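Secondary and tertiary structure notes
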Amino acid sequence: MKLRRIFKGIYAIWYREVKVFLREKSRLVSAIFMPLFWYFIFGAGIGSIASQTAVPGENYQHFIFPGFLAMVIIFNAMFNGAYVVWDRKVDFLKEVLVAPLSRTTIFMGKVLGGMTDALAQALILLFIGIVLGVPFTFFSVILSIFTLFIFAIGLVSLGLIIGAFMESPEGFGLVSSFAVYPLFLLAGAFYPLSNLPGWMQVMTHFDPATYAVDALRNVILGASSLPYLTNVAIILGFDVVLVIIGTWAFNRMKL
Amino acid sequence: MSMSAIVTTNLTKRYGDLVAVDNLNISIESGEIFGILGPNGAGKTTTIMMLCTLLKPTSGTATVNGFDVVKHPSRVRESIGIVFQDPSSDDTLTGYENLKLHALMYDVPMKEIDARIDRVMTLVDLKDRMHDIVKKYSGGMRRRMEIARGLLHEPKILFLDEPTIGLDPQTREHMWKYIESLAKRLNMTIILTTHYMEEAENLCRRVAIVDHGKIAVLDTPANLIASIGGDISVKTHSIDMNDVFFHYTGRAIREEEGDDMGRLRAYTNVRQSNNK
């Protein structure tokens, strides 16, 4: 297949995802307000008991902010996966699958489209964070965006993998919430992982969000358990695995 | 001698015990309008889905525009356009956006995309509505938009699965004229499925009457009507395709037509067996 065809195919799928995203204002609004809600209510509430014991020397709301950036990516990635199921239900998927595009091309377009949506929302939250006084610098903004970018590749792929396997929106909702909450809660967004019981610490190692949160904390707050580049390398490792599984899942996907 | 646009050899699709398409052998010539006439559940849509590579045959083969549907699905897909029975456009996008997405997927040259969208939307009388969100279209408008979309990449072969289902009689006739002129002007091969007798009679050069996944008879509408001229049971009025259908299948097509709920049930059953 010609390279031009592949790029145009990827652009086509991306074009559609982004158009739909921009048209659904409710999604944009909820994606911004949910993390803010957590930041203020949860952050202030738990912060009042956690700040002295859990993270000495840190403002608790600043401590959990990287977790919310990761959260926006996680929730959006799952939302994107749900679109695959929805497209199948309303028959739009037929139009895409009958086009002369390889499934791999379609998958790549979906990943790029999902990443664009997720990053756009994370960026808005990031700028709200700056306004709220999270200690960002120009340099840490750039590195945060890069971190979110590579984190989104894997997570959007994960959402698409679930979407490719699920046939009903209900099934998708069930499975994706099984994925979302462990991903989010095991990532150390609310508490330092070093205080956790042993079995839970083991599980956190298998959560890509752990490394994203740690990397963001390193960049924004200057404190982390692993060096930044180690985190980046591990996130990229997750990306490679999830993109490969996603490509396979799309190739075997039935209508 | 004209080249064959589509050839099927013992094309078969089974769902467990149910044989949806049973050893189908047809040869459709390049440039003809070919009709597949039959009641719901006769295997029309299943046949189309196999020919457009969305469904794998259980056995048998088919070539479309000279390419094998199993071995070279992407070459087949480049050659065809299809208008599905159920709406398959994104109703959160505008008509224009749906067509642009299609043009990109089918590698229409970038410089030509807007001009072509203009042209096909003019053909289906939707040019002044093309920047409206599809949600605001009526059923007929959406169908016309999807027909325009099927033509956008100028396919050699166009599949129309029940193109006029759910349209009012006026729009239906308008659509027939339109399909006819297209086939002539673009020298396009058109395969359409229908359970409307008049549609098969007025539009198609040849018609295959299918029932229970098999071809009961295949000929020109005129020959089909002439072939049962001697049948006493239909001599009381002028013979039409309804009589032809009754003669070859032993029942009236209306028996299986049912209401919308029946259609919905039939559709759900197919979906469920697809998912197995």
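Residues numbered from 1 in each chain as written. Chains lettered and ligands numbered in written order. Predicted model: local features only at pLDDT ≥ 70, side-chain atom pairs only at ≥ 80, totals over all residues.

**Let's talk about the overall build of chain B**
- On a plain count of helices and strands, chain B comes out with 11 helices and 11 strands.
- In chain B, 66% of the contacts between residues at least 6 apart in sequence involve partners at least 24 apart. (Helix = DSSP H or I, 4+ residues; strand = E, 2+ residues; numbered from the N terminus. Contact = placed C-beta atoms within 7 Å.)

**Re the nonpolar core**
- Judged by nonpolar contacts, the single largest core of 145 residues is most densely connected at Leu69(A), Ala70(A), Val72(A), Ile73(A), Ile74(A), Ala152(A) and Ala148(B).
- Top element by residues in this core is helix α3 (residues 60-89) of chain A. It accounts for 18 residues.
- Leave out the neighbours within four places in its chain, and Leu69(A) touches Ala122(A), Leu125(A), Leu126(A), Leu148(A) and Leu216(A). (Core = buried A, V, L, I, M, F, W, Y, C linked by C-beta atoms within 7 Å. Buried ≥ 20, exposed ≤ 12 C-beta atoms within 10 Å, placed from the backbone.)

**Quick notes on the interface of chain A and chain B**
- With 21 residues of chain A at the interface, the matching set in chain B holds 21 residues.
- At the level of elements, α1 (3-23) and α4 (92-97) of chain A are the ones that each hand at least two residues to the side of chain A that touches chain B.
- The dominant element in the side of chain A that touches chain B, judged by the number of residues it contributes, is α1(A), at 10 residues.
- Its residues placed into classes, the side of chain A that touches chain B shows 11 nonpolar, one polar and nine charged. (Nonpolar A, V, L, I, M, F, W, Y, C, P; charged D, E, K, R; others polar.)

**What to know about the sheet that holds strand β8 (residues 157-161) of chain B**
Residues and elements named next belong to chain B.
- If you walk across this open sheet you meet the six strands as β7-β8-β9-β4-β10-β11, and the pairing is mixed. Of all strands in the sheet, those with a lone pairing partner are β7 (80-83) and β11 (214-219), marking the two edges. Sheet twist, expressed as the average angle between the axes of neighbouring strands with direction ignored, equals 15°.
- Two elements, strand β10 (residues 206-211) and β11, share five bridges in a ladder whose sense is antiparallel. Bridging across to β11, Asp 211 finds its partner in Lys 214.
- Running over the sheet, helix α5 (residues 139-151) touches β7 and β8 and is turned about 175° from β7. (Pairing = 2+ DSSP bridges. Axes fitted to C-alpha atoms, helices over the stretch in contact; angles between N-to-C directions.)

**So, helix α7 (residues 169-185) of chain A**
Residue and element names in this part refer to chain A.
- Here α7 is 17 residues long and its end C-alpha atoms lie 24 Å apart, about the 24 Å a rise of 1.5 Å per residue gives.
- Residues of α7 that are buried: Phe 172, Ser 176 and Leu 183.
- Buried positions along α7 lie against α3, α6 (138-165) and α9 (208-221). (Expected span 1.5 Å × (residues − 1).)

**Concerning the pairing of β7(B)**
Residue and element names in this part refer to chain B.
- Every second residue of β7 is oriented toward a common face, with Ile 80 and Ile 82 on one face and Gly 81 and Val 83 on the other, all of them buried.
- Relative to β8, β7 is paired through four bridges, and the arrangement is parallel. Directly across from Val 83, in β8, lies its bridge partner Leu 160.

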